[in-house]
Every structure is written in C-alpha cells, then in structure tokens.
Amino acid sequence: MRDGKSEKDRRRERRQAWDSCRVVPIVQDEQKPRKRLSFIRIVICTINSFMVIALGFLSKSSLLLLITASNRNSKAVPSKPYALLFLGCSLIAPSIFTLIKALWKITFKDSKTPKRLTLLWVIFTEFLVAFGTALLILIAMPDFDVLTNVAILNTVGILSAMLQMVGNIITKERTRFTVTSLLAVVFMICGYVLFIIGYLLQTNQMGLSIGLAIVGTLCISFNWWENYSMLFKGGFLQRIAEDIRRSRNMICIISSVVRIAVTAAVLGAYVKLSAQDWSSVLSPLEQSKPIILSLFAIQVISTALCHGLAVAACKMHEVRRGFVAPLWLISPIVLITFPIIFVVHRGANSSSSYCYQLENSQNVTFFQLLEDVDWTICARDIFQKQNQMSMVIVGGSLFCWWIGLVLCTIYTCFIKVYRIERSRDLFVRQGYEAAFIDQGMLLNTRFKIQLSKKASSDRKETVMIKLCATMWHETYDEMMKIIISMFRMDKFRPRRNHFNDVSFDFHIFFDDSFYTMEGSGERHVNEYVETLAEVINEVYMIFSEDNQSIFKEMAQLPEQKVIQTPYGGRIRYTLPHGNILTAHLKDKQLIRHRKRWSQVMYLYYLLGWKLNRKYCQRYQNGENKSTLEKSWAKEKQNTCILALDGDTDFQPSAVMLLVDRMTLYPEVGAVCGRIHPTGVGPMVWYQKFEYAVGHWLQKSAEHVFGCVLCSPGCFSLFRAEALMDDNVMKMYTTKPTEAIHYLQYDQGEDRWLCTLLLQQGWRVEYNAASDSYTSAPQEFKEFYNQRRRWGPSTLANTLDLLNTASVTVQKNKSISKPYILYQIINTAASILGPATVCLMMAGCFTFVFNINVNVGLLLAILPAAIYLILCYKLKADTQITIAALMSIGYAFLVTAAILSIIGNLVINSTFMTPSGLFLIGITVIYFTTAVLHPQEFPLIIYGLLYFICIPSGYVLLPIYSMVNLNNVSWGTRETASAAKPTPASTPVVKYKRSCRCCCWNIRFQVDEDVKVVVIPGDVPTPMMTQLDEKEQQLFDNREKDSSEMCWISQLKEKSYDISLKEDILDEEEAEFWRDLQERYLKPLDEDKGKQKKISTDLKDLRNKVTFVYFFCNALWLAATFFLQEIGSVVCIKLPRINSTGFIVRDQYMYIDPIGLMFLFGFVSLIVIQFLAMLWHRIGTLMHYMAYNETASKERRAFKKSMQDTSFEKNFL
C-alpha cells in the first residue's frame, strides 16, 4: 500500500478496464415528476388567489348592501331596525365563532387564567374596538355614499402605521419601511382632510356623521396594538402581550363576550335614540325578508371562507400572490364595480334625470336595493352636477386612504414564512373582522422587527435524526429497499452541508445474527447477515460511482470498521457523503432478542449513552449547571428517532415532512406517515384497500379529533424528549410477568409505546403526505398470523387507554372526553363486528333463498359457531386452512348479498330503504374519499375484493385471533434458519480445543475412542493430552479469538469492494453495554416451570377474553332474534318511499330498534370520519404545497453547492 491504496482499491481499478457493466437496481430520487408538481401548485395557488378575491368581494359587497338597506332613504327594506339587526349580527358572527372554539378548548383542554391587569386591559381595548366598529358601521356609514363607505374602511390602520414608523426608527435598519410607514400616515391624514372638505362643501348637516366615522376608525385602529407590543421592551404592554399569549383561550372568551355585549348595547341604544320601533323587527315585509337574510348569509359565509383561504395561501408560501395582492385588490374592485353598476343602470340618461327617476321608484326587490346604492351616489351633488373640483377631492380622499393602507401593510410582502407555520405565528389575533376582512387580515399579520442583535437568532435549529431499523429474516430485495433509502438520505443531506436543518445517523439492529458451527463450535454470522453485507457493498458502489465513464480515476473508498462488542459485533460504514451507518449484530446468547428489546437497545444507546452521558461529563468537568440544563433540554427537543422496519422504502421528502410536524409543535411526541403495503397477489390487494381506508378515514379522524393511537414502527418519528419522559422509556423495558403483558407489551410494542406517550401527555400525529412502502404478507397463513398478533394487542392497548381515560384527559391537551367517547363507540363497533356481519349474511340468506328471517339468522351463525369450536380442537395451521376455504364460500355469499340488495331496490322500485341507503351512502363516501386522494384513486379497484372478504376479515379472523390469543409467537418471517455447512462426517466428540500459536493453526480433538488426535495447519506440532487450569484458560481465550476472527473474516469476504478493518471498542462503551445487558437486556432464562405457568395463564386469559368477546356478540344476535320473533310489536314503523321521493300509501317498512341504532351509529362514525378527513386533507394540501415550494429552492441550492466536491473527498 505504498500509493496509499488498499488491495481492494487496486483490484477495483484493474477490474474497471474489463468489467464496467453493472446490474443496478432502480434508485428513484423522488417518485413524483417535479414539473407536474410545479404545474399543479401553480393551478391550485392561482385558483386560491381568485377565490380570495371573489369571496372578499362578496363579503364587502354584501356588507355595503346591508349598510345601504339601513340607510334612512332606502326603499328596499322599510323596516330599518330589521336591517340593522342583521347588520349587527354580521359584525358579531366572528366573535361567536371564536367564542365557541375557545369554549370547546377550555372545556375539553387546558387553559390558563390571565392576570387581573391583563383582564382589565383586554376589556378596555375590546370595548374601544367594538364601540368604534358599532359607531362606524351601524351609525355613521349608513349616512355616506357607497364609494366613501368602501374607502373609509382603509383608514383603520392609521395607528398601526404610526407604530410601524416608531419601530422602524428604533431599529435603524429598515429605512425603506420607515419611509413607507411615514408616507402611510401622511396619506391617511390627507384622506381624512379631503373627506371632511368634500362633505362640508356639499352640506353642513353631515358633521356628526363625519365625526363619528373618524372617531370610530381611530378606535378600531387599537385592535392590533399587540402587533407592536415588542416596541415597549420590558414595559407594561409587553408584559400584557406575553400574558395574553399564555392565556389565549380565556382572552378569546372575554374579548368575544365584550364585543357581543358592546355591539348589542350600541345597536339597542341607537335604535331607541333614533326614534325607531323595535317591534317592526317581528313583522318585516315578506319581500324584504329574503333580501336581508340572503345578504346576511352571504356576508357570514364568504367572510369566513375568505379568511380561511387567505390563511391557506400564507401557509402554502403564496404570501404575495395569494394573500397580499388579492387583499389589496378587493377594495379597488368593489370601488370600481358600483360605479359601473350606476353607469349601466343610468344608460343614456343624464345623471340628474336618472337620479330623479330613482327618487320616485317604489319597488321592494333586490334590484331596488341596487337602485338604493345608486341613490347614495346621487345624494352627492358632485355626481349630479359633475363638479370636477369636488370630484377630484372625493377621488383624492379615496386614493389616499387606499394607498395609505398599501404602504402601511407593504411589510407583509417581506415576511419570512417557514416551511410549515402555525396561524398564531403568522397572525397576532385569533379570528377575523367581518366588516373589514381585507384590512383586518393585512394588519393582523405579524410585524417583526429586530430590537437587538441578540434577538436576531433564526428560529431554525438543526434536528438530529437517528434512523434505527430493526432486522431479522428480511430477504435480499427487502434489504435493498431500506439500504437504498438510507443512502438516499446520505445523499440528500451530506454530513457537511450549508442547510444546517437536519443531520442523520443510521443504525441497523440485526436480531439473532449468529449461529454455532456444528463440529467446530465456532460462532458464524448467518446467511441473512451475509446478505446484508452484500447489499451494502452493492449499494455503496452504486452511490459512490456516479460517473459511468471508464475513463476516470477510481475514487479511494474509506476504510470501514468491524468491531467485536459485548452484544455480538458491529460494522461501521462511512457512507459516500460522510454520514455514518452502523450495523449492530446481536448474538442472542449475549443479549435479549426480538424487536422490542432491539428498540430498548437503541433507545438507551442513542439517548442514554450518546446524549445524556456527554452532559454528565461536562457537569463533572465543572461547567455551569443551568447552562447545561438548557442545552440538554434543547438537544432532547431537537433529537428524533426514526423507527424503521428492515423492509421499509421511503424518500427524503417523507422524512422531512415528518420533521416539519415535530419542529412546528413542541407537544408532538411522535408522528407517522402513510404506510403503503407492497407485494403481489390477492392478499396484498386486500391489504392495499384496507390500509387505504384505515389511513383515509380512521387515522385522519384520530388526528383531527384527538391523537393517533398507533404510530407504526415501520416508519415513525419519535421525539427524544418524549421517549425520555417519565413512564415511557423506563416503562418500555418492563419484562412481561403476567399473561396480559405478553399481549400488550410484546405482541404490539409499537402501539404500547404510543399508549405510554399518550398517557404521559404527548401528542401523536399523522401526516398523509409522508409516504413509505413496506412489504405485506402475501400468503393467507402469514396474513392471519400477523393479524392474530395485531388484533388482541390493539384491543388490549385501547382498553388500557380507556381505563386510564380520566387521568389521560387531564394530562393530554389533545385528548378530550368526546374523543374518549368516540373511541368507546369505535371499540364497541369492532367488538360487535362478527355479529354484525352475521346479520348481514342473514339478510342475504333471507332474500336469495326466500326463507324465514330467523332461519336465515341461524344459517348465518352456524358456520361461525362451528369454526369457533374447531379452533379450540385443531392446530393453528389447520384452522387457517379451514378459514381459507370458508373465506371463499363467504365471498360468494357476500356477492349474492350485494346483488340481493340491488335486486331488492329494483323489485321495490326505490332505494329509500335502510339497506339501500346504507349501500349507496357507503359507496359514495368511499368513492369521494378516493377522489380526494388522486394519487391513490386506483386502489378503489381493490375495494370490491375488500368487501367480499368482509366475513373473512370480521368473522373468521377475530375468531382465530381470540382463540389463539395464547400463542405469543411472532407469526411472520419465522422461516427455517439458513443452511449451515457441516463436516462430511461428524464423530462423537468428547474433547476439542482450538488455538493459534504464532502463525500456526492447531486443533485438538478427542473422539469416542479416547484417542488424542492432532490436526496441524501445515506443520506437525507436539501432541497435548492433558491441560492444567492456566493452560485451559489460555486455550479458552485463544479459542475466543479464533471464533471472533471467523465471523469477521466471513464479513470481510462478503464485502467484496469495501475494505473492512478490525477495530476495538472503547472500554467505557463496552462497560456501558455490559451494564445495559445486566440491567435490561440479559437473555431470559428458559425456566420450564415458569414457561408452563405462563402458558397456563395465557390459556386462562384466552378463555376469559373469548367468553366476554363472543358473549357480547351472542347477546347482540339474541336481541335481534327475539325482536324479529316478536314481530311488528316493538319494531319501528316507517312509511315506504318510492324512487321519486313520494310516500307510498298503506305500505310500510319495519325495522327493529337495535338494528336501526347500530345502523345509525355506524353511519354516524363513517360521516364523522369523512368530515375529519376533509379537514385533514386541507391541512395536508397546504403542507405539501409549502414543502414543494421550499424543496425546489433547496434542490437548486444543493446542486450549486455540489458543483465543487473536492471538500467532500478531503473529508472522506
């Protein structure tokens, strides 16, 4: 190695000349075309922008029409109090929505109480704002023309402009914004002056209205004082603002109540003082009622939708095009629209003659209301007489107000939006303003200034992600998926990069990696470990050799390390872009095996040894305790573990989407993505639709209403702070001592870990945009065994969570009592699944074979009852075989059931039956759900297979799972161990020793004939027939060295192109592993007596659980049977409705109460889940759009940074 290259590197160079062709697996960087994504993003954001403008236009126009209807001269609505009442209701509608939301949070979640001083200040400011809004909208604006009313709303930002100017002067770093805020103040004041002059030139009778309007706008401008509280650092306002943020829910309740009360008081007093009669509200003209109600509905709905879409535009990183520009344009568009309507109505007439015509009009219609709008314009002499000077004054005031608002809110074009943002980080106040939706949202956008250099730290902090995959008996193709995914992550974020957002560390924990070689007694790695070494070698070469040309200088690969450890062995790879991949090879003779114990192993290694230990050492070295505690807490918060299975395939974007949820919400302890099963065959097709429905509806509903109950271990991100919390990581190390523990702890370890997190107060979320792919069982037997493990563990963990519901609700802000009720109903529905499907099959028998209802019920129950008995008598494999045969028969019956329902609809000429409505409703919901998941829409094809397999999945599988509940084996991947090489003839050995002496290999063996045989390596050595104690120990140590060299050389041989160098583990770390093994991971003793007792306890638990489970189903079936036997006495009688919607005379349908109750409950669950899915899809769309916008910028930056790769070569 005089040239610095290893023998393997030189061999690669020689081979490159004649063996340059390769077999390369498909390695996709991303699975979705970027151009298509960009196009979709442009279309969605453009539509969103136009919707914001359209909805803002409807909101402002409907408000102005309601104000016009309140005008004393309006003829469309003679009852002015009626119009004022709904105008006032539109003002308080946002406060009512905010009040309901805050009451929900304070009732079912936690809330802080504000301080007394904060309370008084909030009451004062909210009173001021509500009073000003009522003065302006209810009293002053009805006296002005519609054009003035459009523009005067722009003046509500005058105080914000002044405070911005002060803030920009203080910072001395934003000169351009200082100028714009100063100009905004100047323009708004000029607008006020021109406004006063314009009306005083016309008449002296408008002074009161003008004064009220100005006072009202000034009072309203106090609404956004909190946006500038940071200007008064350490002062009264900043302390108030901090207390408001701490007790936001209580503040929302108080402010909403104050606004509603003040608006109602001003409205009531104004109607009384203006000599109007409230009694006219009870008897308005029939023609005016629909006008006011329609305008009110349009105003409330369009304002709420405009607010929602504007917020969505910000979160999709369309601040300028989707938020600022549309909101700026709403007022000018409305301002242009009404004069156009005036000109169109006027036609060829002169303005004066048209105004005279309007004065004599008496129609009470909506068109009359538009004419009333025209009349407000005619009321201004300047429009009738066409006085150019007066028109310039009016136009100047309108322009000054609008340009003042633009300059005041121009800072919103430059706000920094992170990839994923919370609304409270984008906007100061919760909710929105009904009267000025556009101005309110612009002024509510956070105004951020830097008061000191220390405050300039970026919010982004590096998140350290430890990718931990557990392996056991994965195939070559499955290993290839996970290894390629890890190398993708290495390429996505090299160890040295300029992003500084995430860093990666890769770990593989391989269970049962070693076996004892028969004959020699040496420890070898099994064939699965050899396959892993081959896969890593192959993928390493693919990602190392991007240049396909043979005319290149071969890059020198870094030397990798293989290390013997107290738990077995370790291979440490330095990946092509500098990140580290460590494969931990577990020897089950040294450390406890199975997945949960592998998870305990990496939790304590990465979080205990790697994270905690360094802070303890720094404290022992004399560093400040408070500083260390802050750093330690921050690192725990920013360290995450990505739990993976050994066959998971994922893209970097999937991981980053999970990281976004972690960085956004500190209370999130775990987040999972969308799991896609892969494979071929009918069993995989069934699971594809089953997984889809579970994620589309169930996980989305859990995320929206509370927390996800299970974050799958195949692809989930866990926060270190949550895992290290009390009663989580430590509790997770509990050994099973009772029968129920084997179900809850070992059969469903992922769900149990999430249960511990939920009970400790952490939130578990679901991100539908984060896709990962994992292998699914392709055989019926493997599928049943997997679900035999999942079903009871799911039920055990859910019941555990429900059992501790009262404590969990108090500790967990995301879990409420209604959510617990939802889970109770969901659990009850799943328990009663077998009985429900039997009832469905009974209906099928009844219709197809035209037999009695109860006879059909007995025929439906009989096969399930027989299978239940057989499961108690037969072996598991035989049970599965019978279930497979019965599933085929059930599939035909379900097909007949579906056809029977359709036939029943045809015969009765109506679909207005419970079964018909249920079938059509479920089909529509599932189809709509699939449409809303366009990338997964083809999965709807597998829906038919899923439906015809419902009896197998909801009758036979629960029976098999419950009866075999005492079987705690893993059930999947339990293949025979790899074939191991054995000698041609294995003699009966009584004594055998191996040793190395200098460079000689010597093996001593005493066979059955008590004959000493010496088998030298190359040269004969003296025979040894007897060993003393010291020599025996010496040979034991040498034997150990020899066996170590065996598995290490085995791995070196399989790493064809990668050079493995034997290294030594640090003694401190070795001591840590020995302590960990002794405390938590020591192999369990095979105590026959204890195992027998556990087996007996498991059978007892099985008998109890199956009795309760099937007793509940039997009760349900018995109740239905007796109700059908009794007949119409207790049944609900409903009239029959034909297909046209009319009731058929003397024809009725009879439905038993229990069946109707269950049908209503099931449909309610589906509808609730569907609505939750809609809400979740909106959030997913915003996040996905934001990610693609930022990811495209990062890709361009990454390509630019990777043009010069010399630094990476030097680093490696």
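**Describing the overall build of the protein**
Piece 1. Across its full length, the protein holds 42 helices and 18 strands.
Piece 2. Within the protein, the fraction of its 1212 residues that count as buried is 52%.
Piece 3. Expressed as a percentage of contacts within the protein between residues at least 6 apart in sequence, the contacts between residues at least 24 apart total 80%.
Piece 4. Total accessible area computed for the protein in this model is approximately 56100 Å², and 62% of it derives from carbon and sulfur atoms.

**As for the pairing of strand S2 (residues 502-510)**
As a general feature of sheets, a regular strand has side chains that alternate between the two faces.
Piece 1. Here S2 lies mainly inside the structure; eight of its nine residues are buried.
Piece 2. Bridge count for strand S1 (residues 463-471) against S2 is nine bridges, and the pairing is parallel. Looking at S2, one finds that Cys-468 is bridged to His-507.
Piece 3. After leaving S1, the chain enters helix H19 (residues 476-492) and then returns to the sheet as S2, a path that is right-handed.
Piece 4. Judged from the five bridges that link them, S2 and strand S7 (residues 580-586) form a sheet pairing that is parallel. When the bridges of S7 are listed, Phe-506 appears paired with Leu-581.

**Details of the packing of helix H21 (residues 595-620) against helix H39 (residues 1067-1081)**
Piece 1. Packing of H21 against H39 brings their axes to within 11 Å, and their N-to-C directions diverge by 130°. Comparing their axes, H39 and H21 come out oblique. The way H21 lies across H39 gives a crossing that is right-handed. Facing H21, whose interface residues are Trp-597, Val-600, Met-601, Tyr-604, Tyr-605, Trp-609, Arg-613 and Gln-617, H39 presents Glu-1068, Glu-1069, Phe-1072, Trp-1073, Leu-1076, Tyr-1080 and Leu-1081.
Piece 2. Class assignment of the residues belonging to the contact of H21 with H39 gives a composition of 11 nonpolar, one polar and three charged.

**Digging into the packing of aromatic side chains**
Piece 1. Here the structure, examined in full by the defined rule, presents 43 aromatic pairs.
Piece 2. Ring centres of Tyr-82 and Phe-86 lie 5.1 Å apart, and the angle between their planes is 65°; this geometry places the pair in the edge-to-face category. With Tyr-82 and Phe-86 both in helix H3 (residues 80-108), this residue pair falls four residues apart, about one helical turn.
Piece 3. Look at Phe-86 and you get buried, because its relative accessible area is 15%.
Piece 4. Relative to Tyr-822, the ring of Tyr-819 has its centre 6.1 Å away and its plane inclined at 25°; by these criteria the two rings are stacked. Highlighted residues: Tyr-819 and Tyr-822, both in helix H31 (residues 817-831), separated by three residues, approximately one helical turn. Across the pair, Tyr-822 and Tyr-819 agree in class, each one buried.
Piece 5. Each residue in the set Tyr-686, Phe-689, Phe-780, Phe-783, Tyr-784, Tyr-926, Tyr-946, Phe-947 and Tyr-960 is aromatic and connected to the rest through ring pairs, giving one cluster.

**Examining the environment of Lys-105**
Piece 1. Note that Lys-105 resides in helix H3.
Piece 2. When the C-alpha atoms of Lys-105 and Lys-813 are compared, they prove to be 8.9 Å apart, with 708 residues separating the residues in sequence.

**Concerning the nonpolar core**
Piece 1. Within the largest apolar cluster, 104 residues are counted, with the highest numbers of intra-cluster contacts made by Ile-137, Phe-144 and Phe-323.
Piece 2. Counting 75 residues, the second largest nonpolar core, distinct from the first, contains Met-316, Ile-483, Leu-664 and Tyr-691.

**Remarks on the environment of Lys-416**
Piece 1. In this structure, Lys-416 sits in the loop between helix H16 (388-408) and helix H17 (423-426).
Piece 2. Residue class for Lys-416 comes out exposed when judged on its relative accessible area of 52%.
Piece 3. Along the sequence, Lys-416 and His-317 sit 99 residues apart, while their C-alpha atoms lie 9.3 Å from each other.

**Observations regarding the confidence of the model for the protein**
Piece 1. Mean pLDDT for the protein: 82, with 81% of residues reaching 70 or above.
Piece 2. The model gives residues 996-1004 a pLDDT under 50, and that stretch makes 30 contacts with residues more than four places away or in other chains.
Piece 3. Considering only residues more than four positions removed or in separate chains, one finds that residues 1037-1044, a stretch of pLDDT under 50, has 10 contacts.

**As for the side chain of Asp-512**
Piece 1. Relative to the helices and strands, Asp-512 resides in the loop between S2 and strand S3 (514-516).
Piece 2. For Asp-512, a relative accessible area of 17% puts it in the buried group.
Piece 3. For Asp-512, the contacting residues outside a window of four places in its chain are Trp-472, Asn-526, Lys-586 and Lys-588.

**A short note on the pattern of salt bridges**
Piece 1. For the coordinates displayed, the defined rule picks out 36 salt bridges.
Piece 2. Here Asp-1063 and Lys-561 are joined by a salt bridge, their closest N and O atoms 3.5 Å apart. Of this pair, Asp-1063 sits in strand S16 (residues 1060-1063) while Lys-561 sits in strand S5 (residues 560-565), and the two are 502 residues apart along the sequence.
Piece 3. Residue classification places Asp-1063 among the partly exposed positions, given a relative accessible area of 31%.

**With respect to the sheet that holds S2**
Piece 1. On the basis of which strands lie adjacent, the open sheet formed by 11 strands has the order S9-S12-S10-S11-S8-S1-S2-S7-S6-S5-S16 and mixed pairing. The open sheet has two edge strands, strand S9 (649-650) and S16, and neither has a second partner.
Piece 2. Helix H22 (residues 625-637) rests against S1, strand S8 (639-645) and strand S11 (715-719) of the sheet, and its axis sits at about 30° to S8.
Piece 3. Contacts from helix H24 (residues 682-705) reach strand S10 (668-678) and strand S12 (763-775) within the one sheet, and its direction differs from that of S10 by about 155°.

**Quick look at H31**
Piece 1. Along its 15 residues, H31 runs 21 Å from first to last C-alpha, staying within 8% of the 21 Å computed at 1.5 Å per residue.
Piece 2. Taken together, the buried positions of H31 are occupied by Tyr-819, Ile-820, Tyr-822, Gln-823, Thr-827 and Ile-831.

**With respect to helix H12 (residues 319-346)**
Piece 1. In a regular helix each residue adds 1.5 Å, so 28 residues correspond to 40 Å; H12 covers 40 Å between its end C-alpha atoms and thus fits that length.
Piece 2. The sharpest bend along H12 reaches about 35° and sits at Pro-326.
Piece 3. Two residues or fewer past H12, Gly-347 is found with a positive phi of approximately 65°.

Cut-offs and rules
Residues numbered from 1 in each chain as written. Predicted model: local features only at pLDDT ≥ 70, side-chain atom pairs only at ≥ 80, totals over all residues. Heavy atoms only, no water. Helix = DSSP H or I, 4+ residues; strand = E, 2+ residues; numbered from the N terminus. Buried < 20%, exposed > 50% of the residue type's maximum accessible area, 1.4 Å probe, protein only. Contact = heavy atoms within 4.5 Å. Areas by Shrake-Rupley, 256 points an atom, 1.4 Å probe, with all protein chains shown as cover. Pairing = 2+ DSSP bridges. Right-handed = clockwise from strand over helix to strand, strands pointing away. Axes fitted to C-alpha atoms, helices over the stretch in contact; angles between N-to-C directions. Parallel < 35°, antiparallel > 145°, perpendicular 65-115°, else oblique. Left-handed = near helix turned anticlockwise from the far one by under 90°. Nonpolar A, V, L, I, M, F, W, Y, C, P; charged D, E, K, R; others polar. Phe/Tyr/Trp six-rings, centres within 6.5 Å; stacked < 30°, edge-to-face > 60°. Core = buried A, V, L, I, M, F, W, Y, C linked by side-chain atoms within 4.5 Å. pLDDT = per-residue confidence, 0-100. Salt bridge = Lys/Arg side-chain N within 4 Å of Asp/Glu carboxyl O. Expected span 1.5 Å × (residues − 1). Bend = angle between axes of the 7 residues up to and from the residue.

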